[in-house]
Amino acid sequence: NAGVTQTPKFRVLKTGQSMTLLCAQDMNHEYMYWYRQDPGMGLRLIHYSVGEGTTAKGEVPDGYNVSRLKKQNFLLGLESAAPSQTSVYFCASLSALFGGTQYFGPGTRLLVL
Amino acid sequence: GQQVMQIPQYQHVQEGEDFTTYCNSSTTLSNIQWYKQRPGGHPVFLIQLVKSGEVKKQKRLTFQFGEAKKNSSLHITATQTTDVGTYFCAGLSSNTGKLIFGQGTTLQVKP
């Protein structure tokens, strides 16, 4: 039982390049989330999913796209990276809305030059 | 939209002093969760509060959920150096499944 894993752990991109961050969970959780964390800004919700095949926008969705084709995977895409997207990205999954625990992945550090 | 505000942003205390962080939501919450993040780490779930006026304790940590389910607090009694980190509250809307975090309170404890 690995919990929540994220790939890659660290990446450097040039402005305009694209990439996909992968989040995988092996706990059969319905709910999955992508956050970005910047100094002094806390965790800001980018997109989330309440089940396989569904996605919804969070607080800061612009410049990102997501897909949840399989229940265990939640992908975050950057089509054309910008320096403002330099951040630490955390994926999380939630077991249930009531009485559930949100588990975080270890994070992906992204630097956009 | 749903907003969660947390204060203070930073707190420096002497070891043994108490510490409190406060969380306020712009909307009524289904439940509120608290997390701790150590420097360089990821947020780790501490507790969830669901009922109006609920109070829960974990050793030296006391968590409260307001009567109106729009505010919450975390109180640490007699802080220790192991309490260092950033404490986040997160409000959950059961209507949307959206979980929104406060900005966090970073606690420094001087030995």
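Source: prediction; values computed, not measured.

**Q** Please clarify how the overall build of chain B should be interpreted in this entry.
**A** For chain B, the count of helices and strands is 0 helices and 11 strands. Ordered by position from the N terminus, the helices and strands of chain B form the series β-β-β-β-β-β-β-β-β-β-β. Since a compact globule built from 111 residues should have a radius of gyration of about 13 Å, the 13 Å found for chain B is in line with a globular shape. Its C-alpha atoms give chain B principal-axis dimensions of roughly 45 × 30 × 20 Å.

**Q** Just to check I follow, could you spell out the layout of surface pockets for this structure?
**A** A water-sized probe, rolled over the atoms, reveals where empty space remains. The calculated volume of the largest pocket comes to roughly 590 Å³. Around the largest pocket, the lining is made up of 32 residues, and of these Q37, D38 and P39 of chain A together with Q37 and T86 of chain B lie nearest the centre. Among the elements that make up the lining of the largest pocket, the one with the highest residue count is strand β11 (residues 105–110) of chain B (4 residues). Its residues assigned to classes, the lining of the largest pocket shows 10 nonpolar, 18 polar and 4 charged. Taken as a whole, the second largest pocket spans an internal volume of roughly 200 Å³. Together, M41, L43, R44 and E59 of chain A together with Q2, Q3, V4, M5, I100, F101, G102 and Q103 of chain B line the second largest pocket. Residue assignment for the lining of the second largest pocket shows that the elements contributing at least two residues are β5 (42–51) of chain A together with β1 (4–7) and β10 (99–101) of chain B. Its residues placed into classes, the lining of the second largest pocket shows 6 nonpolar, 4 polar and 2 charged.

**Q** I'm lost on the interface of chain A and chain B in this one. Help?
**A** Where interface size is given, it is often the accessible area lost as the parts come together that is meant. Counting from both sides, the interface comprises 22 residues of chain A and, opposite them, 23 residues of chain B. Roughly 1,800 Å² is buried in total at the junction of chain A and chain B, and carbon and sulfur atoms are behind 59% of that figure. Counting every contact that joins chain A to chain B gives 0 salt bridges. At the surface where chain A touches chain B, the tally comes to 3 residue pairs in polar contact (both at pLDDT 80 or more). Among the secondary structure elements, those contributing two or more residues to the side of chain A that touches chain B are β4 (31–38), β5, β9 (87–94) and β10 (102–104) of chain A. Looking at the side of chain A that touches chain B element by element, the count peaks at 5 residues for β5 of chain A. Among the residues forming the side of chain A that touches chain B, the class breakdown is 12 nonpolar, 8 polar and 2 charged.

**Q** What's the story with the packing of aromatic side chains in this structure? I'm lost.
**A** Note on aromatic pairs: each is described by the distance of the centres and the angle between the planes. Scanning the model with the defined rule gives 13 aromatic pairs over all chains in all. With centroids separated by 5.8 Å and ring planes inclined at 80 degrees, the aromatic side chains of F104 of chain A and F101 of chain B adopt a geometry described as edge-to-face. With F104 of chain A in strand β10 and F101 of chain B in strand β10, this pair bridges two chains. Here F104 of chain A matches F101 of chain B in class, with each residue buried. Between F19 of chain B and Y87 of chain B, the ring centres sit 5.9 Å apart and the planes meet at 45 degrees, which makes this aromatic pair tilted.

**Q** Just checking my understanding: could you explain the nonpolar core for this structure?
**A** Among soluble globular proteins, nonpolar side chains are generally buried collectively. With 38 residues, the main nonpolar core has Y33 and Y35 of chain A together with W34 and F101 of chain B as its most contacted residues. Sorting elements by how many residues they give to this core places strand β9 (residues 85–92) of chain B first, with 5 residues. Excluding residues that lie within four positions of it along the chain, Y35 of chain A makes contacts with L43, R44, L45, I46, V88, Y89, F90, A92, Q102 and F104 of chain A together with L99 and F101 of chain B. L76, A81, L110 and V112 of chain A belong to the second-largest nonpolar core, a separate cluster that totals 18 residues.

**Q** What is the right way to read the sheet that holds β1 of chain B from this model?
**A** Across a sheet, paired strands are connected by hydrogen bonds in the backbone, their directions being either parallel or antiparallel. All names here are of chain B. What the 5 strands build is an open sheet, ordered β1-β3-β8-β7-β6; its pairing is antiparallel. Where the open sheet ends on each side, the last strands, each with one partner, are β1 and β6 (55–58). Strand-to-strand twist across the sheet, computed as the mean angle between neighbouring axes with direction ignored, equals 15 degrees. Relative to strand β7 (residues 61–65), β6 runs antiparallel, the two sharing 4 bridges. Bridged to K56 within β7 is F63.

The rules behind each value
Residues numbered from 1 in each chain as written. Chains lettered and ligands numbered in written order. Predicted model: local features only at pLDDT ≥ 70, side-chain atom pairs only at ≥ 80, totals over all residues. Heavy atoms only, no water. Helix = DSSP H or I, 4+ residues; strand = E, 2+ residues; numbered from the N terminus. Rg over C-alpha atoms; globule rule 2.2 N^0.38 Å. 1 Å grid on protein atoms, 1.4 Å probe; cavity = no way out; pocket = protein on both sides within 12 Å on 5 of 7 lines; lining within 4 Å. Points joined across faces, edges and corners; volume = space filled by probe spheres on them. Nonpolar A, V, L, I, M, F, W, Y, C, P; charged D, E, K, R; others polar. Contact = heavy atoms within 4.5 Å. Buried area = accessible area lost by both parts, 1.4 Å probe. Salt bridge = Lys/Arg side-chain N within 4 Å of Asp/Glu carboxyl O. Polar contact = N/O pair within 3.5 Å; in protein donor to acceptor, adjacent residues only side chain to side chain. Phe/Tyr/Trp six-rings, centres within 6.5 Å; stacked < 30°, edge-to-face > 60°. Buried < 20%, exposed > 50% of the residue type's maximum accessible area, 1.4 Å probe, protein only. Core = buried A, V, L, I, M, F, W, Y, C linked by side-chain atoms within 4.5 Å. Pairing = 2+ DSSP bridges. Axes fitted to C-alpha atoms, helices over the stretch in contact; angles between N-to-C directions.

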